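The primary structure of each chain is shown beneath.
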Amino acid sequence: MPITRIGIGMDASVTPLRHGGLSLVQTTDFFYPLVEDPYMQGKIACANVLSDLFAMGVTECDNMLMLLGVSTKMTEKERDVVVPLMMRGFKDCATEAGSTVTGGQTVMNPWLTIGGVATTVCQPNEFIVPDNAMVGDVLVLTKPLGTQVAVNAHQWLDIPERWNRIKLCVSEEDVRKAYLRAMDSMARLNRIAARLMHKYNAHGATDVTGFGLLGHAQNLAANQKNEVAFVIHNLPIIAKMAAVAKACGNMFQLGQGLSAETSGGLLIALPREQAAAYCKDIEKQEGYQAWIIGIVEKGSRTARIIDKPRIIEVPAKDKEGELW
(Lines give C-alpha, C1' and ligand atoms only; values in the text may rest on other atoms or scores of the structure.)
Protein backbone atom coordinates (compact mmCIF):
# COMPACT_ATOMS: atom_id res chain seq x y z
CA MET A 1 0.00 0.00 0.00
CA PRO A 2 1.51 3.40 -0.92
CA ILE A 3 2.28 5.65 2.03
CA THR A 4 0.13 8.78 2.18
CA ARG A 5 1.94 12.09 2.49
CA ILE A 6 -0.03 15.35 2.28
CA GLY A 7 1.61 18.75 2.35
CA ILE A 8 0.33 22.26 1.74
CA GLY A 9 -3.03 22.56 -0.02
CA MET A 10 -5.46 20.42 1.93
CA ASP A 11 -6.79 20.83 5.45
CA ALA A 12 -4.13 19.02 7.46
CA SER A 13 -0.61 17.78 6.79
CA VAL A 14 -0.06 14.01 6.91
CA THR A 15 3.52 12.90 7.55
CA PRO A 16 4.57 9.24 7.71
CA LEU A 17 6.52 8.60 10.92
CA ARG A 18 9.74 6.63 11.27
CA HIS A 19 7.83 4.19 13.46
CA GLY A 20 5.98 1.43 11.66
CA GLY A 21 2.76 2.36 9.91
CA LEU A 22 1.90 5.52 11.85
CA SER A 23 1.28 9.01 10.47
CA LEU A 24 1.44 12.42 12.11
CA VAL A 25 -1.60 14.54 11.24
CA GLN A 26 -1.26 18.22 12.07
CA THR A 27 -2.97 21.53 11.48
CA THR A 28 -2.83 25.11 12.74
CA ASP A 29 -5.05 28.16 12.55
CA PHE A 30 -5.65 31.45 14.35
CA PHE A 31 -7.83 34.48 13.90
CA TYR A 32 -9.15 37.77 15.21
CA PRO A 33 -12.25 38.34 17.35
CA LEU A 34 -15.54 38.13 15.50
CA VAL A 35 -18.03 37.77 18.35
CA GLU A 36 -18.55 39.88 21.46
CA ASP A 37 -18.29 37.09 24.02
CA PRO A 38 -14.63 36.22 24.80
CA TYR A 39 -15.53 32.74 26.09
CA MET A 40 -17.40 31.91 22.87
CA GLN A 41 -14.54 33.38 20.83
CA GLY A 42 -12.17 30.89 22.51
CA LYS A 43 -14.53 28.00 21.77
CA ILE A 44 -14.95 29.03 18.13
CA ALA A 45 -11.18 29.36 17.66
CA CYS A 46 -10.60 25.87 19.05
CA ALA A 47 -13.46 24.32 17.02
CA ASN A 48 -12.01 25.96 13.92
CA VAL A 49 -8.54 24.47 14.53
CA LEU A 50 -9.94 20.99 15.16
CA SER A 51 -12.17 21.20 12.09
CA ASP A 52 -9.19 20.64 9.79
CA LEU A 53 -8.52 17.28 11.47
CA PHE A 54 -12.20 16.34 11.31
CA ALA A 55 -12.23 17.15 7.58
CA MET A 56 -9.70 14.33 7.15
CA GLY A 57 -12.01 11.94 8.99
CA VAL A 58 -9.75 12.07 12.06
CA THR A 59 -11.91 11.94 15.19
CA GLU A 60 -9.27 11.83 17.93
CA CYS A 61 -6.91 14.70 18.67
CA ASP A 62 -3.95 13.69 20.85
CA ASN A 63 -2.72 17.17 21.73
CA MET A 64 -3.40 20.88 21.27
CA LEU A 65 -1.27 23.98 21.64
CA MET A 66 -2.76 27.44 22.09
CA LEU A 67 -1.46 30.51 20.23
CA LEU A 68 -2.46 33.75 21.89
CA GLY A 69 -1.84 37.34 20.88
CA VAL A 70 -2.74 39.79 23.65
CA SER A 71 -3.52 43.31 22.46
CA THR A 72 -1.35 46.16 23.74
CA LYS A 73 -4.32 48.46 23.08
CA MET A 74 -6.39 46.91 25.88
CA THR A 75 -6.29 48.31 29.39
CA GLU A 76 -4.94 46.02 32.09
CA LYS A 77 -8.46 45.53 33.41
CA GLU A 78 -9.80 44.57 29.96
CA ARG A 79 -6.93 42.13 29.55
CA ASP A 80 -7.52 40.54 32.94
CA VAL A 81 -11.16 39.89 32.09
CA VAL A 82 -11.05 39.02 28.38
CA VAL A 83 -7.94 36.85 28.06
CA PRO A 84 -8.74 34.25 30.78
CA LEU A 85 -12.26 33.89 29.35
CA MET A 86 -10.92 33.30 25.84
CA MET A 87 -8.44 30.77 27.15
CA ARG A 88 -11.16 28.97 29.12
CA GLY A 89 -13.40 28.76 26.05
CA PHE A 90 -10.54 27.29 24.02
CA LYS A 91 -9.68 24.78 26.75
CA ASP A 92 -13.32 23.73 27.32
CA CYS A 93 -13.78 23.09 23.61
CA ALA A 94 -10.59 20.99 23.50
CA THR A 95 -11.90 18.95 26.45
CA GLU A 96 -15.24 18.48 24.68
CA ALA A 97 -13.28 17.06 21.71
CA GLY A 98 -11.47 14.61 24.02
CA SER A 99 -8.17 16.48 23.75
CA THR A 100 -5.98 18.58 26.05
CA VAL A 101 -4.06 21.83 25.72
CA THR A 102 -0.51 21.20 26.92
CA GLY A 103 1.31 24.36 25.88
CA GLY A 104 1.59 27.15 23.35
CA GLN A 105 2.87 30.68 23.02
CA THR A 106 1.63 34.10 24.10
CA VAL A 107 2.81 37.39 22.60
CA MET A 108 1.92 41.03 23.13
CA ASN A 109 1.05 42.82 19.90
CA PRO A 110 -1.47 45.40 18.59
CA TRP A 111 -4.11 42.77 17.76
CA LEU A 112 -6.01 40.31 19.85
CA THR A 113 -5.65 36.88 18.24
CA ILE A 114 -6.39 33.33 19.31
CA GLY A 115 -5.74 30.02 17.65
CA GLY A 116 -3.70 26.91 18.02
CA VAL A 117 -2.22 23.69 16.75
CA ALA A 118 -3.92 20.29 16.72
CA THR A 119 -1.83 17.14 16.48
CA THR A 120 -2.69 13.47 16.31
CA VAL A 121 -0.87 10.22 15.55
CA CYS A 122 -2.93 7.94 13.32
CA GLN A 123 -3.02 4.54 11.75
CA PRO A 124 -3.87 4.62 8.01
CA ASN A 125 -7.50 3.56 8.58
CA GLU A 126 -8.10 6.52 10.90
CA PHE A 127 -7.96 9.22 8.23
CA ILE A 128 -9.72 9.59 4.90
CA VAL A 129 -7.55 11.00 2.13
CA PRO A 130 -9.68 13.68 0.41
CA ASP A 131 -9.06 12.57 -3.17
CA ASN A 132 -11.47 9.79 -4.05
CA ALA A 133 -14.75 11.47 -5.15
CA MET A 134 -16.49 9.48 -7.89
CA VAL A 135 -18.95 10.29 -10.64
CA GLY A 136 -22.41 9.73 -9.16
CA ASP A 137 -21.44 10.76 -5.60
CA VAL A 138 -23.41 13.50 -3.89
CA LEU A 139 -22.15 16.45 -1.85
CA VAL A 140 -23.32 16.87 1.74
CA LEU A 141 -22.89 20.00 3.92
CA THR A 142 -23.14 19.69 7.71
CA LYS A 143 -23.62 23.32 8.81
CA PRO A 144 -25.57 26.22 7.28
CA LEU A 145 -23.83 29.11 5.51
CA GLY A 146 -24.10 32.80 6.40
CA THR A 147 -21.98 33.18 9.55
CA GLN A 148 -20.12 36.23 8.17
CA VAL A 149 -23.38 37.94 7.18
CA ALA A 150 -24.93 37.23 10.60
CA VAL A 151 -21.93 38.57 12.53
CA ASN A 152 -21.76 41.73 10.38
CA ALA A 153 -25.52 42.38 10.52
CA HIS A 154 -25.31 42.16 14.32
CA GLN A 155 -22.55 44.79 14.40
CA TRP A 156 -24.66 47.02 12.15
CA LEU A 157 -27.41 47.27 14.77
CA ASP A 158 -25.21 50.04 16.24
CA ILE A 159 -24.31 51.68 12.90
CA PRO A 160 -27.39 53.57 11.61
CA GLU A 161 -26.20 54.09 8.02
CA ARG A 162 -25.55 50.33 7.67
CA TRP A 163 -28.68 49.29 9.53
CA ASN A 164 -30.85 51.48 7.27
CA ARG A 165 -29.74 49.43 4.27
CA ILE A 166 -31.02 46.15 5.68
CA LYS A 167 -33.84 47.08 8.08
CA LEU A 168 -36.51 46.71 5.39
CA CYS A 169 -35.82 42.99 4.99
CA VAL A 170 -35.00 41.98 8.55
CA SER A 171 -36.02 42.91 12.12
CA GLU A 172 -33.65 43.57 15.03
CA GLU A 173 -34.94 40.37 16.62
CA ASP A 174 -34.15 38.42 13.42
CA VAL A 175 -30.59 39.73 13.44
CA ARG A 176 -30.03 38.95 17.13
CA LYS A 177 -31.32 35.43 16.57
CA ALA A 178 -29.16 34.92 13.47
CA TYR A 179 -26.11 36.07 15.47
CA LEU A 180 -26.86 33.56 18.26
CA ARG A 181 -27.38 30.83 15.66
CA ALA A 182 -24.10 31.70 13.95
CA MET A 183 -22.27 31.66 17.28
CA ASP A 184 -23.80 28.30 18.23
CA SER A 185 -22.92 26.84 14.82
CA MET A 186 -19.32 28.15 14.81
CA ALA A 187 -18.63 26.74 18.30
CA ARG A 188 -19.99 23.30 17.36
CA LEU A 189 -17.49 20.55 16.67
CA ASN A 190 -17.51 18.65 13.38
CA ARG A 191 -16.50 15.53 15.31
CA ILE A 192 -19.68 13.47 14.81
CA ALA A 193 -19.70 14.51 11.14
CA ALA A 194 -16.15 13.10 10.90
CA ARG A 195 -17.03 9.88 12.72
CA LEU A 196 -19.95 9.23 10.39
CA MET A 197 -17.72 9.75 7.33
CA HIS A 198 -16.20 6.33 8.12
CA LYS A 199 -19.55 4.64 8.71
CA TYR A 200 -20.97 5.85 5.37
CA ASN A 201 -17.84 5.39 3.24
CA ALA A 202 -17.07 9.05 2.47
CA HIS A 203 -14.78 9.61 -0.51
CA GLY A 204 -13.25 12.82 0.85
CA ALA A 205 -14.14 16.07 2.58
CA THR A 206 -13.03 19.58 3.43
CA ASP A 207 -14.24 22.15 5.94
CA VAL A 208 -15.91 25.33 4.74
CA THR A 209 -14.09 28.36 6.14
CA GLY A 210 -12.47 31.55 4.85
CA PHE A 211 -12.78 30.97 1.09
CA GLY A 212 -16.52 30.28 1.27
CA LEU A 213 -18.37 27.22 0.05
CA LEU A 214 -17.31 27.56 -3.59
CA GLY A 215 -13.66 28.31 -2.79
CA HIS A 216 -13.33 25.18 -0.68
CA ALA A 217 -15.36 23.08 -3.13
CA GLN A 218 -12.96 24.14 -5.91
CA ASN A 219 -9.95 23.28 -3.77
CA LEU A 220 -11.38 19.84 -2.96
CA ALA A 221 -12.30 19.21 -6.62
CA ALA A 222 -8.77 20.13 -7.76
CA ASN A 223 -7.35 17.50 -5.38
CA GLN A 224 -9.31 14.54 -6.83
CA LYS A 225 -7.69 11.52 -8.50
CA ASN A 226 -10.67 10.95 -10.80
CA GLU A 227 -11.77 13.35 -13.53
CA VAL A 228 -14.76 14.82 -11.73
CA ALA A 229 -16.54 18.15 -11.25
CA PHE A 230 -18.72 19.32 -8.38
CA VAL A 231 -22.07 20.98 -9.13
CA ILE A 232 -23.89 22.67 -6.24
CA HIS A 233 -27.67 23.19 -6.44
CA ASN A 234 -28.74 24.00 -2.87
CA LEU A 235 -27.50 26.60 -0.39
CA PRO A 236 -28.61 26.08 3.25
CA ILE A 237 -28.32 29.52 4.86
CA ILE A 238 -29.01 30.80 8.39
CA ALA A 239 -32.59 32.14 8.28
CA LYS A 240 -33.00 35.66 6.81
CA MET A 241 -29.31 36.04 5.98
CA ALA A 242 -29.82 35.46 2.23
CA ALA A 243 -32.16 38.48 2.19
CA VAL A 244 -29.69 40.57 4.20
CA ALA A 245 -26.84 39.68 1.82
CA LYS A 246 -29.01 40.61 -1.16
CA ALA A 247 -29.95 43.97 0.40
CA CYS A 248 -26.23 44.79 0.67
CA GLY A 249 -25.72 44.60 -3.07
CA ASN A 250 -23.09 42.00 -3.72
CA MET A 251 -20.84 42.82 -0.80
CA PHE A 252 -20.79 39.30 0.65
CA GLN A 253 -21.37 37.19 -2.49
CA LEU A 254 -23.20 34.68 -0.30
CA GLY A 255 -25.36 33.38 -3.16
CA GLN A 256 -22.22 32.87 -5.25
CA GLY A 257 -20.68 30.74 -2.49
CA LEU A 258 -17.85 33.20 -1.87
CA SER A 259 -18.87 34.63 1.51
CA ALA A 260 -16.25 33.73 4.13
CA GLU A 261 -17.40 31.31 6.79
CA THR A 262 -15.78 30.73 10.16
CA SER A 263 -15.74 27.21 11.62
CA GLY A 264 -18.22 26.08 8.96
CA GLY A 265 -19.46 22.58 8.24
CA LEU A 266 -17.83 19.72 6.42
CA LEU A 267 -18.40 19.43 2.69
CA ILE A 268 -18.34 15.69 2.03
CA ALA A 269 -18.42 13.56 -1.13
CA LEU A 270 -20.52 10.50 -0.28
CA PRO A 271 -21.80 7.56 -2.32
CA ARG A 272 -25.30 8.50 -3.51
CA GLU A 273 -26.96 5.55 -1.77
CA GLN A 274 -25.37 6.44 1.60
CA ALA A 275 -25.97 10.21 1.71
CA ALA A 276 -29.57 10.30 2.95
CA ALA A 277 -28.71 7.82 5.72
CA TYR A 278 -25.71 9.98 6.68
CA CYS A 279 -27.93 13.08 6.99
CA LYS A 280 -30.51 11.17 9.02
CA ASP A 281 -27.89 9.71 11.34
CA ILE A 282 -26.15 13.03 12.05
CA GLU A 283 -29.50 14.66 12.86
CA LYS A 284 -30.35 11.79 15.21
CA GLN A 285 -27.00 12.02 17.02
CA GLU A 286 -26.49 15.79 17.05
CA GLY A 287 -29.96 17.27 16.73
CA TYR A 288 -28.71 19.39 13.82
CA GLN A 289 -29.50 18.99 10.14
CA ALA A 290 -27.16 18.20 7.26
CA TRP A 291 -28.11 18.70 3.60
CA ILE A 292 -27.45 17.13 0.22
CA ILE A 293 -26.37 20.22 -1.72
CA GLY A 294 -24.93 18.94 -5.00
CA ILE A 295 -23.56 16.18 -7.19
CA VAL A 296 -20.29 14.86 -8.53
CA GLU A 297 -20.27 14.50 -12.31
CA LYS A 298 -17.62 13.82 -14.94
CA GLY A 299 -15.44 16.87 -15.47
CA SER A 300 -12.07 18.54 -15.16
CA ARG A 301 -11.69 18.88 -11.36
CA THR A 302 -13.70 22.09 -11.04
CA ALA A 303 -16.64 23.19 -8.89
CA ARG A 304 -19.52 25.52 -9.66
CA ILE A 305 -22.84 26.67 -8.25
CA ILE A 306 -25.79 26.64 -10.67
CA ASP A 307 -27.24 29.99 -11.78
CA LYS A 308 -30.27 30.02 -9.49
CA PRO A 309 -29.47 27.76 -6.54
CA ARG A 310 -32.27 26.83 -4.15
CA ILE A 311 -31.93 28.76 -0.89
CA ILE A 312 -32.83 26.63 2.14
CA GLU A 313 -33.70 28.80 5.17
CA VAL A 314 -32.27 27.28 8.36
CA PRO A 315 -34.35 26.75 10.39
CA ALA A 316 -37.37 26.69 8.07
CA LYS A 317 -39.52 28.23 10.80
CA ASP A 318 -38.91 29.70 14.24
CA LYS A 319 -39.86 27.63 17.25
CA GLU A 320 -40.77 29.62 20.34
CA GLY A 321 -37.91 29.58 22.86
CA GLU A 322 -35.66 27.42 20.67
CA LEU A 323 -32.60 28.53 18.72
CA TRP A 324 -33.00 26.07 15.86
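All values reported here derive from a predicted model rather than from experimental measurement.

At their nearest, the axes of helix α1 (residues 38-54) and helix α2 (residues 76-96) sit 6 Å apart, and the two run at 40° to each other. One way to sum up the angle between α1 and α2 is to call them oblique. With respect to the hand of their crossing, α1 and α2 are arranged in right-handed fashion. Contacts between α1 and α2 involve P38, Y39, Q41, G42, K43, A45, C46 and A47 on the former and, on the latter, V82, L85, M86, R88, G89, F90, D92, C93, A94 and E96. Residues of the contact of α1 with α2, tallied by class, amount to 11 nonpolar, 3 polar and 4 charged.

Counting residues in hydrophobic clusters, the biggest one holds 88 residues, and the most contacted among them are L50, M64, L213 and F230. Here the element with the most residues in this core is α1; it accounts for 9 residues. Residues in contact with M64, not counting those within four places in the same chain, are C46, V49, L50, F90, A94, S99, T100, V101, T102, G103, V117 and A118. Of all hydrophobic cores here, the second largest spans 18 residues; its members include L196, Y200, L266 and C279.

The sheet built from 5 strands is open, its strands ordered β1-β2-β5-β3-β4 with mixed pairing. Both edges of this open sheet fall to β1 (13-16) and β4 (101-109), since each of them pairs with a single strand only. This sheet shows a mean twist of 15° between the axes of neighbouring strands, independent of strand direction. Each of β2 (23-31), β3 (63-71) and β5 (113-122) is contacted by α1, which is oriented at about 145° to β2, the strand it contacts most.

For the rest of this paragraph, the subject is the packing of aromatic side chains. Counted according to the given criterion, the structure contains 3 aromatic pairs. With a centroid separation of 5.9 Å and 35° between ring planes, the pair formed by W156 and F252 is classed as tilted. Here F252 lies in the loop between α8 (241-247) and β9 (266-270) and W156 lies in helix α3 (residues 147-156), a separation of 96 residues in the sequence. You'll find W156 and F252 in the same group, each marked buried. Geometry around Y288 places R188 over its ring, the cationic atom sitting 3.8 Å from the centre.

Our focus in this paragraph is the packing of helix α6 (residues 191-199) against helix α9 (residues 272-286). The interhelical angle for the contact between α6 and α9, taken along N-to-C directions, is 140°, at an axis separation of 10 Å. When the axes of α6 and α9 are compared, the pair comes out oblique. As for how α6 packs across α9, the hand of that crossing is right-handed. Residues I192, A193, L196, M197 and K199 of α6 form the contact with α9, whose participating residues are Y278, D281, I282, Q285 and E286. For the contact of α6 with α9, the per-class residue count stands at 6 nonpolar, 1 polar and 3 charged.

Reading guide: rules and limits
- Residues numbered from 1 in each chain as written.
- Predicted model: local features only at pLDDT ≥ 70, side-chain atom pairs only at ≥ 80, totals over all residues.
- Heavy atoms only, no water.
- Axes fitted to C-alpha atoms, helices over the stretch in contact; angles between N-to-C directions.
- Helix = DSSP H or I, 4+ residues; strand = E, 2+ residues; numbered from the N terminus.
- Parallel < 35°, antiparallel > 145°, perpendicular 65-115°, else oblique.
- Left-handed = near helix turned anticlockwise from the far one by under 90°.
- Contact = heavy atoms within 4.5 Å.
- Nonpolar A, V, L, I, M, F, W, Y, C, P; charged D, E, K, R; others polar.
- Core = buried A, V, L, I, M, F, W, Y, C linked by side-chain atoms within 4.5 Å.
- Buried < 20%, exposed > 50% of the residue type's maximum accessible area, 1.4 Å probe, protein only.
- Pairing = 2+ DSSP bridges.
- Phe/Tyr/Trp six-rings, centres within 6.5 Å; stacked < 30°, edge-to-face > 60°.
- Lys NZ or Arg CZ within 6 Å of the ring centre and 35° of its normal.

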